[in-house]
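Breakdown of the fold
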Amino acid sequence: MSETTVRGLLHVEIKEAADLPDMDFSLFGGATDAYVKVKLDGAKIAKTSIVKDSTSPVWNQSFYTFINHIGEKLTIEVIDDDVGKNDCIGTHEMNFREFIDNGGEFEGPVQLMLDDEERGQLEIALRYEPYIREDKHVISRKVPGCYFPLRENCRVELYQDAEHTAEPEHEAITTALGESYIPPGAWKKVYEVLTGATKFIYITGWAVFTEIILVREEGADSRTLGEILKDKAEEGCAVYIMIWDEYDDMIPSLVGTHDTATADYFEDTRVCVKRCARGYADSGLSGDAMTRLIYTHHQKSIICDSPSITEDDERLRMVAFVGGLDLTDGRYDTPQHPTFSTLLDKHAAPDFYQNCVTVRAEAGPRQPWHDIHSYVEGKIAQDIRRNFEERWNAEDDGSNELVYVDEEEFNLEEEYQGDDSWNVQFLRSITSQSCQFSYLERARKLKTERSEKIEDTIHSGYTHNIRRAQNYIFIENQYFLGSAHVWDGAEHIPKKATNLVAIELVRNIIEAIKLGEHHSVYCVIPLYPEGVPDSMPVQEILYWQTATMSMMYKYIAQAIEEEGLDTHPTDYLGFYCIGVRGDEIPEDLAEPETDVEINLREKNRFHIYVHSKMMIVDDEYIIVGSANINQRSMSGRRDTEMAVGCYQPNFLCEEGQLPQGDVGAFRKSLWVEHMGEMCEEFENPGSIDCMRKVNEIARSNWEKYVADEYEEPLQGHLLMYPIDISQDGTVSALEGFENFPDTEASVLGAKSAVLVEKLTT
């Protein structure tokens, strides 16, 4: 695999066509409506807009595409867009490896063919740039081809879970300034920022629940989120909320976003709520209805004004939050992740949440929730505000004007000059269906498919920074699937789940093995996706996940065998989940009644739902946002997502040595939560000793978690994912655990015969 996979960048320019046949046989006239699709090994890598009524269409469109493919055949197809069907006009094929061997550049016309018949010419330009591992230490941390620039001199605060307090183990962790690391609390900061805003509060959410309380400690403000926002609006602060329209005015709510209830709550108040369909809101049940039913607006952000913190400038600042935490029920949690002990107070109804099993709120257990979030200051906050404005302008009819922001009232050039300053870049997955791109020159760099502008810079951010990794990568994500174009042996291969994250991680490991080095990849995912575990959607997602893991371990095993090493695939790549067992059960808690409640009370265990969307590279770079590692989040055309890519320029990985900055401190804090200690091996996560130490803890915790009787507490929460990896990379269910604990659901998943693949990939 390592010798045949092509890894680099491909620049594709589709210029114009000539002498295309007229494909329009309508009585009303017209001509060919042509667009171009470019595929590598059958996987789409570029697609143009449609040029109407022309047999000599001109596109002049350029594409900047990350490549990690087998690289056997490049296919360029010109297609006629017609009502109800798309007809192939003609294709041109080339051996991609020969193209690279001949210099990797081509410019000129190519002949289009269909069934041995000439079908016109297409003017193109191709240029391939190989990825060279030896240059990775000088590759810019700026993600190329982005709509938003890299912003310097910002401030960033990182959060694990909605609430956090310092533990004794944190004393061994130091920050970029050499101070002891004190974990900040996300929702406390949200409360502070919301109540301090005077001019505007902008919120985007997959879900917003008005009944949650942000700070849950004795003596704290007991107002709900809804009450805080109404009060701020009454004070004259402009409060605007965009939430995903779940379509529950047409069908019953499937995922509990509260969108209708939230809109109703703020009706006849000064808070402006817009329920935003993913797709054109007036599409009804035709045209764009499938997009609206399947895909979501998944961004989670808060943008506010904030008081000045400098004596010589009294203008307001701008601050923002971006991450995985929605302001909704079930998200409030701590690193202890209680299941029963808080059901009578902090997690009592209306904030009891359980979406994996059916139990009563008064009996439990609740569904523990682990998430990652961030807070930013500086020019990056303006980019996040711009995202809100571009989305709002795409949805609004002009009746609700946003707050006018100018230099007289706001400090738009704010910069933080401390040694611990951050460089931050705003990344998105979004289309012109959902966004009115305001920077026209920047928008010209984006892809145009058919009639849509598409931004997929989150995928670019992951791919670019995986390629930069020198030592290790640590991922926490709600889903993990993709790179289907290099799967082998799966009975069903989804053609459009081709994001490169998985194959890029594998290539890093293989290249290190070939050079006699070690590279570690740690992936923390949920035990199973949210929902009933034996339901068709969950089982199909697990099927894709298993296929992704199988591809990764197989290629790693091949590299180990080729180099004659005595290592195992899990010495390089580890998949983990997290769980909790032995929580205190209050005496006044209602007695369990159903078989499910009785079993879960007796076992006193439950998996912690990993909702994070985070990647850390070499303790120097972190991506935090709303995007999952699946095609829905990465493609740009499906779910609407956002993320920030962050690093401290004074704390970089140099010549393989990990920096001692705030990214590393945050990673260590997460590992303290997951593994209950900060041991010596954790200082070098890229080593085989560290990987084996993590695997040892996870395996021991799993045995304690699944034991018939609870005997001793887990060391943290980290569990080995219940799969067995053989020396040749074969993935199978762990012996005795073909099904997840306390369920009848298959660990390896199953392909559905009826679901649309775009829903589960």
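Let us look at the structure shown here. In this text, all values refer to a predicted model and were calculated from it rather than measured experimentally.

Here is what the cut-offs are and how they apply
Residues numbered from 1 in each chain as written. Predicted model: local features only at pLDDT ≥ 70, side-chain atom pairs only at ≥ 80, totals over all residues. Heavy atoms only, no water. Salt bridge = Lys/Arg side-chain N within 4 Å of Asp/Glu carboxyl O. Helix = DSSP H or I, 4+ residues; strand = E, 2+ residues; numbered from the N terminus. Buried < 20%, exposed > 50% of the residue type's maximum accessible area, 1.4 Å probe, protein only. Core = buried A, V, L, I, M, F, W, Y, C linked by side-chain atoms within 4.5 Å. Contact = heavy atoms within 4.5 Å. Phe/Tyr/Trp six-rings, centres within 6.5 Å; stacked < 30°, edge-to-face > 60°. Lys NZ or Arg CZ within 6 Å of the ring centre and 35° of its normal.

1. Looking at the pattern of salt bridges
By the definition in use, this model includes 49 salt bridges. Linking Asp571 and Arg692 is a salt bridge whose minimum nitrogen-to-oxygen distance equals 3.0 Å. Within this pair, whereas Asp571 is found in the loop between helix 10 (536–563) and strand 22 (573–581), its partner Arg692 is found in helix 14 (residues 688–706), the two being separated by 121 residues in sequence. The exposure class of Asp571 is buried, given its relative accessible area of 6%. Given the relative accessible area of 39%, Arg692 is considered partly exposed. The network of salt bridges with shared partners includes Arg7, Arg467, Glu504, Arg507 and Glu511.

2. A few points about the nonpolar core
Grouped together as the largest cluster of nonpolar side chains are 190 residues, with contacts concentrated most on Trp187, Leu214, Ile384, Phe480, Phe575, Ile622 and Tyr721. Of all the elements, helix 10 adds the most residues to this core, at 14 residues. If we skip the residues at most four places from it in the chain, Tyr721 touches Ile525, Pro526, Leu527, Leu542, Gln545, Met549, Phe575, Tyr576, Cys577, Phe740 and Val747. Within the second largest apolar cluster, 30 residues are counted, among which are Leu40, Trp59, Ile67 and Leu122.

3. Re the packing of aromatic side chains
For the coordinates displayed, the defined rule picks out 31 aromatic pairs. Considering the side-chain rings of Tyr240 and Trp392, the 5.0 Å spacing of their centres and the 90° angle between planes classify their relative orientation as edge-to-face. Residue Tyr240 is located in strand 11 (residues 238–244), and its partner Trp392 is located in helix 6 (residues 379–395); the two are separated by 152 residues in the primary sequence. Taking relative accessible area as the criterion, Tyr240 reaches 11% and is therefore assigned buried. Measuring from centroid to centroid gives 6.5 Å for Tyr472 and Tyr522, while their planes differ by 70°, and the two rings are edge-to-face. In this pair, Tyr472 is assigned in strand 20 (residues 472–477) and Tyr522 in strand 21 (residues 520–524), connecting sequence segments 50 residues apart. Neither residue differs from the other here; Tyr472 and Tyr522 are each classed as buried. Aromatic rings pair up to connect Phe200, Tyr202, Tyr240, Phe388, Trp392 and Phe410 into one cluster. The cationic tip of Lys189 hangs over the ring face of Tyr375; the distance from NZ or CZ to the ring centre is 4.7 Å. Between the NZ or CZ atom of Arg331 and the centre of the ring of Tyr353, over which it lies, the distance is 5.4 Å.

4. A word on the environment of Ser222
Within the secondary structure layout, Ser222 lies in the loop between strand 10 (200–205) and helix 3 (225–234). A residue is classified by how much of its surface remains accessible, and Ser222, at 58% relative accessible area, is exposed. Sequence separation between Ser222 and Ile212 is 10 residues; the distance between their C-alpha atoms is 9.7 Å.

5. Details of the environment of Val521
Tracing the backbone shows Val521 in strand 21. Val521 gets classed as buried once you look at its relative accessible area, which sits at 0%. Taking C-alpha positions, Val521 is 46 Å from Cys237, a pair spaced 284 residues apart along the chain. If we skip the residues at most four places from it in the chain, Val521 touches Ile473, Leu505, Ile509, Tyr572, Leu573, Gly574 and Met691.

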